[in-house]
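A closer look at the structure
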Amino acid sequence: SKSDFKVMVQEYTESLNEKFRDKAFIDEETYKDIVKLLSENNKTLHDPNWRNWARNNFRAKEAIEKKQAGTITLPVLIKERMWNEFCNAHVQLGHGGVSNTYAKLKSKWSNVKQDLVVKFISKCITCSLRK
């Protein structure tokens, strides 16, 4: 369920080293800030370390090219949409397992965590009934 997934994400995040927790998953607000930074080079967002992290981790060149086409979209799966994307990919593959689900998600989104896909699929009721 979606609530189980939220708990899974929270537990996963808490298992990470403290310095990586804040940036493990991108929420809607952070995503908007990243787009704003890349499109406007806004020097007031967050602190210099955050701005450096955002520029280094999110394809600034790709974002600029897309801006010229009208809008900026980054291949980043935001936290609020993860459950739906994981479910859709897994179902579209006919419950095809970890490798296939991870590959499908990774082909569209740059920040998908394989460990989380493993945990997600281990909780899939349909997959567990097939065993």
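I will try to describe carefully the structure that is included in this document. None of these values were measured; they are calculated from a predicted model.

1. A look at the packing of aromatic side chains
- Following the criterion strictly, the structure yields five aromatic pairs and no others.
- With a centroid separation of 6.0 Å and an interplanar angle of 50°, the aromatic rings of W50 and W53 are classed as tilted. Separated by three residues within a single helix, W50 and W53 lie in helix 4 (residues 48–57), roughly one turn from each other. W53 shares its class with W50; the two are buried.
- Counting every residue linked through ring pairs, the aromatic cluster contains F5, F86 and F120.

2. So, the side chain of N111
- Mapped onto the fold, N111 is located in the loop between helix 7 (98–108) and helix 8 (114–122).
- Judged by relative accessible area, N111 falls into the buried class, the value being 12%.
- Residues contacting N111, with those up to four places away along its chain left out, are I26, P75, V76, L77 and K106.

3. Topic: the nonpolar core
- Counting 20 residues, the largest nonpolar core has F5, M82, F86, V112 and L116 as the members making the most contacts within it.
- When contributions to this core are tallied by element, the ones reaching two or more residues are helix 1 (2–15), helix 6 (82–92), helix 7 and helix 8.
- Residues lining this core come from more than one domain, with at least three contributed by each of domain 1 (2–57) and domain 2 (79–129).
- The contact partners of M82, leaving out residues within four places of it in the chain, are F5, V9, F25, L77 and L116.
- Ranked by size, the runner-up nonpolar core spans 14 residues in total, among them Y31, I34, L37 and W50.

4. Considering helix 7
- Here helix 7 has its buried residues at T101, Y102 and L105. Along the axis of helix 7, the buried residues cluster in a sector spanning 95°; they form a single face. Facing away from the buried surface of helix 7 by more than 90 degrees, the exposed residues are S99 and S107.
- Tucked inside the fold, the buried residues of helix 7 contact helix 6 and helix 8.

5. What to know about the packing of helix 6 against helix 7
- Two numbers describe how helix 6 lies on helix 7: the axes approach to 9 Å, and their chain directions differ by 125°. When the axis of helix 6 is compared with that of helix 7, the two are oblique. Helix-helix and strand crossings are classified by hand; for helix 6 and helix 7 the assignment is right-handed. Here E85, F86, A89, H90 and Q92 of helix 6 come into contact with helix 7, specifically with T101, K104, L105 and K108.
- Looking at the contact of helix 6 with helix 7 residue by residue, the classes come out as three nonpolar, three polar and three charged.

6. Observations concerning unusual backbone geometry
- Phi is positive for H46, which is not a glycine, with a value near 50°.
- In this structure, H46 sits in the loop between helix 3 (28–40) and helix 4.
- When its relative accessible area of 46% is taken as the criterion, H46 is described as partly exposed.
- For H95, which is not glycine, the phi dihedral falls at a positive 60°.
- Along the chain, the position of H95 falls in the loop between helix 6 and helix 7.
- Since its relative accessible area comes to 18%, H95 is described here as buried.

Calculation criteria
- Residues numbered from 1 in each chain as written.
- Predicted model: local features only at pLDDT ≥ 70, side-chain atom pairs only at ≥ 80, totals over all residues.
- Heavy atoms only, no water.
- Phe/Tyr/Trp six-rings, centres within 6.5 Å; stacked < 30°, edge-to-face > 60°.
- Helix = DSSP H or I, 4+ residues; strand = E, 2+ residues; numbered from the N terminus.
- Buried < 20%, exposed > 50% of the residue type's maximum accessible area, 1.4 Å probe, protein only.
- Contact = heavy atoms within 4.5 Å.
- Core = buried A, V, L, I, M, F, W, Y, C linked by side-chain atoms within 4.5 Å.
- Domains from an automatic or database assignment.
- Arc of directions from axis to C-beta.
- Axes fitted to C-alpha atoms, helices over the stretch in contact; angles between N-to-C directions.
- Parallel < 35°, antiparallel > 145°, perpendicular 65-115°, else oblique.
- Left-handed = near helix turned anticlockwise from the far one by under 90°.
- Nonpolar A, V, L, I, M, F, W, Y, C, P; charged D, E, K, R; others polar.

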